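Listed below, chain by chain, are the residues.
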Amino acid sequence: ENNKSALHEANEIFDAQLAHFAQNLMIVVTPAGGDAGQAERILDPTYDFQSIVVFQVWSIKSTPPRSLFRSSNIPGTIATLVPDEGFSEIKLDGERWRYYRQRDEQHGLDVLVGENDKHRHELAQQVAWSNIAPLLYGLPILALLVMLAIYLGLRPLRKLAESLRRLSPEQLSPITVHDPPKEIV
C-alpha cells in the first residue's frame, strides 16, 4: 500500500515536471512569437537523461501550424496522436510515453513535452524504494529495541515475583526490594 502511494506521488511529481518544462518552453519561445522568418531548430540531446524526454513547439499563427523547434528524438507524427491539451499516454514502437500539451492562443504557441514511461517508472520505483527502505530496515531494529526496553523495564517486577515465589504462605514480614519502581512500592 505504501509502495503504491509512493509510486503515485512520484508520478505526480514527474507530471508536474512535464508541465513545468512545457511552461518554461513557452516562456522561452514567446519573445520569438512564432516569427515566420525563423527556421525550425532541432536540438540533439546532450545528456543521457535528455534522450528520455522529447519536446516540440509549434507556431499556431499559421495554417498549418509550423514547427519552431523540437528535440531530435521526437516522432514526426506525434502532433496528431496527442490530444490538444493536458496529459496523455501514447504507445509508440512498443514503448509507452507520457505527454503533456499546452496551447497559448494569445502568443500563438503549441508546446508538447513527453517522457518515456519505462524510465519514468524506474525513477518512480527508486523514489518509492527510497521511502520504504528505511521502514523495512528500521522496523526490525526498532522492534528489538522495544523488546529490550520492555525486558529491562520489567526486570524489577520479575525479581519481585521470584522473591514472592520463594516465600512461604505463613511468612508475614515485609518484603524488601532494592531500588523498586514507583509502581511496585
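First things first, this report covers the structure right here in the doc. (Residues numbered from 1 in each chain as written. Predicted model: local features only at pLDDT ≥ 70, side-chain atom pairs only at ≥ 80, totals over all residues. Heavy atoms only, no water.)

**Things to note about the pairing of strand 5 (residues 95–104)**
- With seven of ten residues buried, strand 5 is to be regarded as a mostly interior element.
- As judged from the seven bridges shared by strand 4 (residues 86–92) and strand 5, these two strands associate in the antiparallel manner. When the bridges of strand 5 are listed, Glu-89 appears paired with Arg-98.
- The pairing of strand 5 with strand 6 (residues 109–116) spans eight bridges and is classified as antiparallel. Residue pairing for strand 6: Tyr-99 is matched across the bridge by Gly-114.
- Where strand 5 folds back onto strand 6 in an antiparallel hairpin, the turn is made up of four residues, including Gly-108, whose phi is positive at roughly 70°. (Buried < 20%, exposed > 50% of the residue type's maximum accessible area, 1.4 Å probe, protein only. Helix = DSSP H or I, 4+ residues; strand = E, 2+ residues; numbered from the N terminus. Pairing = 2+ DSSP bridges.)

**Quick look at the environment of Val-111**
- Looking at where Val-111 falls in the secondary structure, it is placed in strand 6.
- For the pair Val-111 and Arg-101, spaced ten residues apart in sequence, the C-alpha separation works out to 5.7 Å.
- For Val-111, the contacting residues outside a window of four places in its chain are Ala-22, Leu-25, Met-26, Gln-56, Val-57, Tyr-100, Arg-101 and Gln-102. (Contact = heavy atoms within 4.5 Å.)

**What about helix 3 (residues 117–153)?**
- Spanning 37 residues, helix 3 covers 53 Å between terminal C-alpha atoms, matching the ideal 54 Å at 1.5 Å per step.
- Of all the bends in helix 3, the greatest, near 30°, is centred on Gly-138, and the proline Pro-140 appears no more than four residues after it.
- Measuring from the backbone nitrogen of Lys-118 back to the side-chain oxygen at the start of helix 3 gives 2.8 Å, which picks out Asn-116 as the cap. (Expected span 1.5 Å × (residues − 1). Bend = angle between axes of the 7 residues up to and from the residue. Polar contact = N/O pair within 3.5 Å; in protein donor to acceptor, adjacent residues only side chain to side chain.)

**Some words on the pattern of salt bridges**
- Using the criterion set out here, one finds eight salt bridges in the structure.
- Of the charged contacts in the structure, one is a salt bridge between Arg-98 and Asp-15, with a shortest N-O distance of 2.8 Å. Residue Arg-98 is located in strand 5, and its partner Asp-15 is located in helix 1 (residues 2–29); the two are separated by 83 residues in the primary sequence. Each member of the pair, Arg-98 as well as Asp-15, is classed as buried.
- Here Arg-101 ties to Asp-110 by a salt bridge, and the two come within 2.6 Å at their closest N and O atoms. Here Arg-101 and Asp-110 have matching classes, each one buried. (Salt bridge = Lys/Arg side-chain N within 4 Å of Asp/Glu carboxyl O.)

**Focus: the nonpolar core**
- Formed by 14 residues in total, the largest nonpolar core has its most connected members in Leu-25, Val-57, Phe-69, Val-111 and Val-113.
- Listed by contribution, the elements that provide at least two residues to this core are helix 1, strand 2 (53–59), strand 3 (66–71) and strand 6.
- Per-element accounting of this core gives the leading share, six residues, to helix 1.
- Core analysis: the next-biggest nonpolar cluster, separate from the first, contains ten residues, Val-54, Ile-78, Ile-90 and Leu-92 among them. (Core = buried A, V, L, I, M, F, W, Y, C linked by side-chain atoms within 4.5 Å.)

**A few points about the pairing of strand 3**
- Burial of strand 3 is extensive: five of the six residues sit out of reach of the surface.
- Pairing between strand 2 and strand 3: four bridges, direction antiparallel. Residue Ser-59 lies in a different strand from strand 3, and its bridge partner there is Arg-66.
- Hairpin connection from strand 2 to strand 3: six residues lie between these consecutive antiparallel strands.

**Digging into a nonpolar patch on the surface**
- A cluster of nonpolar side chains, contributed by Leu-135, Leu-139, Leu-142, Val-146, Ile-150, Leu-154 and Leu-157, occupies part of the molecular surface with about 630 Å² of accessible area.
- For the nonpolar patch, the leading source of residues is helix 3, giving five residues.
- Take Leu-139: it is sitting in helix 3. (Patch = residues over 30% accessible without salt bridge, like charges linked within 9 Å, V, L, I, M, F, W, Y side chains within 5 Å. Areas by Shrake-Rupley, 256 points an atom, 1.4 Å probe, with all protein chains shown as cover.)

**Considering the packing of helix 3 against helix 4 (residues 155–166)**
- Following both chains from N to C, one finds helix 3 and helix 4 inclined at 40°, their axes separated by 4 Å at the closest point. One element, helix 3, and the other, helix 4, form an angle in the oblique class. Each of Tyr-151, Leu-152 and Gly-153 in helix 3 lies in contact with helix 4, whose residues at this interface are Arg-155, Pro-156 and Arg-158.
- Of the residues contributing to the contact of helix 3 with helix 4, the split by class is three nonpolar, one polar and two charged. (Axes fitted to C-alpha atoms, helices over the stretch in contact; angles between N-to-C directions. Parallel < 35°, antiparallel > 145°, perpendicular 65-115°, else oblique. Nonpolar A, V, L, I, M, F, W, Y, C, P; charged D, E, K, R; others polar.)

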